[in-house]
Amino acid sequence: MSDLQDQVRPGSSDAPQFIRPSRPKTVLQKLYPERRFSRVVRDEGKFLFYSIVADLLESHHVVMDFGAGRGHQIEAVSGHLRTLLDFRGRCKTVIAVDPDDAVLTNPFVDEAHVIDATGRIPLPDNSVDIITSFAVLEHVANPAQVVDEIYRVLRPGGWFCAWTPNKWGYVGIGVRMVPNRLHERLVPLAEPRDTRQSIDVFRTAYQLNTVNDVGRFFGPQRFYNHAFTANGSPSYHFGSIIIARFWQVMMAIAPARCRKTLFVFVQRR
């Protein structure tokens, strides 16, 4: 029939893999047709965040993942998105730090360290080029101390890059309305297909989760501030397409102050 059929035997390793249209099974597949064959969707905040970090990354850099945990963020994705999240081989050294000793089991770094009760990051002054932090700032209860440590370990010209829920976005407001003691129980219900385990759910504080908070703690005497807010794909929709579409509409009409996500990019002077 076609030249392709003449050249490729069915079942051979060279045979093209056709993805037949099928009824979407998940909320994201219903909202985003590309999610049926790709890990990345057009509103993927994680993709945007790590793409910007990739633009800052150079082969000689030392990168520190602040609040890296056991590597859940990388473990949960695949394909190109995992390539973006995994810095090994793309820079000189990848270091994970976290107050939880689960960080010592993180397989995606070159070295790992536990932050002790004093809050001091166990690294020398001026030793890191880029610090990344994904879904961590909302748990920081002592922002002044954390920012001091970030400033101390960053080299002049180094970057602190963080993705976190915006305090005045619908996720930030909703999470703060629910007592911390109930988060572990509600997260699996609100996000049924989320791969987080109970050990990945922590108390929230929301002390460093607005553009103004970033400007206050990462002051102009020490940092150049490039923080901004943005929306993304709907989260915490309880597996309901109706709720997910409602969040889409709410995000579309929300002012900048109430967008879903806060992107923090600050550079040490």
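Rules behind the numbers
All residue numbers refer to position in the chain's written sequence, counted from 1. Local features in this predicted model are restricted to residues whose pLDDT is 70 or higher, and side-chain atom pairs enter the listing and the counts only when it is 80 or higher, whereas totals over whole chains, interfaces and linings include all residues. Hydrogens and water are ignored here; the side-chain numbers use all heavy atoms of the structure. Put simply, DSSP marks the helices as runs of H or I at least four residues long and the strands as runs of E at least two long, and each gets a number from the N terminus on. For every residue, the accessible area obtained with a 1.4 Å probe (protein chains only) is divided by the maximum for its type, and the residue is called buried under 20%, exposed over 50%, and partly exposed between those limits. Throughout, a contact is declared for two residues whenever any of their heavy atoms are within 4.5 Å. Throughout, the Shrake-Rupley method with a 1.4 Å probe supplies accessible areas, and for residues the shown protein chains are the sole cover considered. Buried Ala, Val, Leu, Ile, Met, Phe, Trp, Tyr and Cys residues form a nonpolar core when they are joined through side-chain atoms within 4.5 Å. What makes a salt bridge here is a side-chain nitrogen of Lys or Arg within 4 Å of a carboxyl oxygen of Asp or Glu, nothing more. Two aromatic rings from Phe, Tyr or Trp, using only the six-membered ring of Trp, form a pair when their centres are within 6.5 Å; if the ring planes differ by under 30 degrees the pair is stacked, by over 60 it is edge-to-face, and anything between is tilted. Here, over-ring charges are defined by two tests on the NZ atom of lysine or the CZ atom of arginine: distance to the ring centre within 6 Å, and angle to the ring normal within 35 degrees. Polar contact criterion, stated in full: a pair of N or O atoms within 3.5 Å, where within protein one must be able to donate a hydrogen and the other to accept it, and residues adjacent in sequence count only if both atoms are side-chain atoms. Pairs of strands are assigned from DSSP output, requiring at least two bridges between the strands.

Asker: Quick one: what's the story with the overall build of the chain, residue by residue and with numbers?
Answerer: What the chain contains, in helices and strands, is 10 helices and eight strands. Put simply, the chain has 269 residues, and 45% of those count as buried. A separation of at least 24 residues holds for 74% of the contacts in the chain among residues at least 6 apart in sequence. A total accessible area of about 14,600 Å² is found for the chain, and carbon and sulfur atoms account for 54% of it.

Asker: Explain the nonpolar core to me, and be specific about the residues and the numbers.
Answerer: Counting residues in hydrophobic clusters, the biggest one holds 28 residues, and the most contacted among them are M64, F66, I121, I131, F160, F218 and V264. At the level of elements, β1 (62-66), β2 (93-98), β4 (128-134), α6 (143-153), β5 (154-165) and β8 (261-268) are the ones that each hand at least two residues to this core. Among the elements that line this core, the one with the most residues is α6, at four residues. With near-sequence residues (within four places) excluded, F160 lies in contact with I131, S133, L137, I150, L154, F218, V264, F265 and V266.

Asker: An account of the pattern of salt bridges is requested, with residue identities and associated values reported.
Answerer: Here the structure, examined in full by the defined rule, presents eight salt bridges. R152 serves as the salt-bridge partner of E149, at 2.8 Å between the closest nitrogen and oxygen. Of this pair, E149 and R152 both sit in helix α6, three residues apart, roughly one helical turn. For the pair shown, E149 and R152 are each scored as buried.

Asker: Please provide a residue-by-residue account of the packing of aromatic side chains, values included.
Answerer: Aromatic ring pairs are defined here through the distance separating the ring centres and the angle between the ring planes. Inspection of the entire model under this criterion finds 14 aromatic pairs. Relative to F134, the ring of F49 lies with its centre 6.0 Å away and its plane at 55°, an arrangement referred to as tilted. With F49 in helix α3 (residues 45-56) and F134 in strand β4, this residue pair connects regions lying 85 residues apart in the sequence. The class of F49 is buried, set by a relative accessible area of 0%. Ring centres 4.9 Å apart and planes at 5° place the aromatic pair F228 and F263 in the stacked group. Of this pair, F228 sits in strand β7 (residues 228-230) while F263 sits in strand β8, and the two are 35 residues apart along the sequence. For F228, a relative accessible area of 29% puts it in the partly exposed group. An aromatic cluster of at least three residues, connected via ring pairs, comprises F49, Y50, F87, F134, W163, F228, F263 and F265. For the cation-ring pair, R268 lies above Y151, with the distance from its terminal atom to the ring centre recorded as 4.2 Å.

Asker: Summarise the side chain of E138; cite the residues concerned and give the values.
Answerer: By the secondary structure assignment, E138 is in the loop between β4 and α6. Looking at E138, the relative accessible area reads 6%, which means it is buried. Of the polar contacts made by the side chain of E138, one reaches the side chain of T164; its length is 2.7 Å. Apart from residues no more than four positions distant in its own chain, E138 is found in contact with T164, P165, T204, A205, Y206 and N209.

Asker: Talk me through the pairing of β2; I want residue IDs and the actual numbers.
Answerer: Successive residues of a regular strand alternate their side chains across the two faces of the sheet. Within β2, six of the six residues are buried, which leaves it mostly tucked inside the rest of the structure. Of the two faces of β2, the one holding T93, I95 and V97 and the one holding V94, A96 and D98 are both buried throughout. Here β1 pairs with β2 via five bridges, running parallel. Paired with M64 across the strands is I95, a residue of β2.

Asker: Hey, could you go over unusual backbone geometry for me, with residue numbers and the actual values?
Answerer: The phi dihedral of N126 falls on the positive side, at around 55°, and the residue is not glycine. By the element assignment, N126 lies in the loop between β3 (111-114) and β4. For F238, which is not a glycine, the phi torsion comes out positive at approximately 55°. Here F238 is to be found in the loop between β7 and α10 (241-253).

Asker: Account for the environment of A256, with residues named and values stated.
Answerer: By the element assignment, A256 lies in the loop between α10 and β8. Setting aside residues up to four positions removed in sequence, A256 forms contacts with N166 and T229.

Asker: How would you sum up the side chain of S127? Please name residues and give values.
Answerer: Turning to its location among the elements, S127 is positioned in the loop between β3 and β4. Exposure remark for S127: the relative accessible area of 16% places this residue in the buried category. Aside from chain neighbours lying at most four places away, what touches S127 is V62, V153 and R155.

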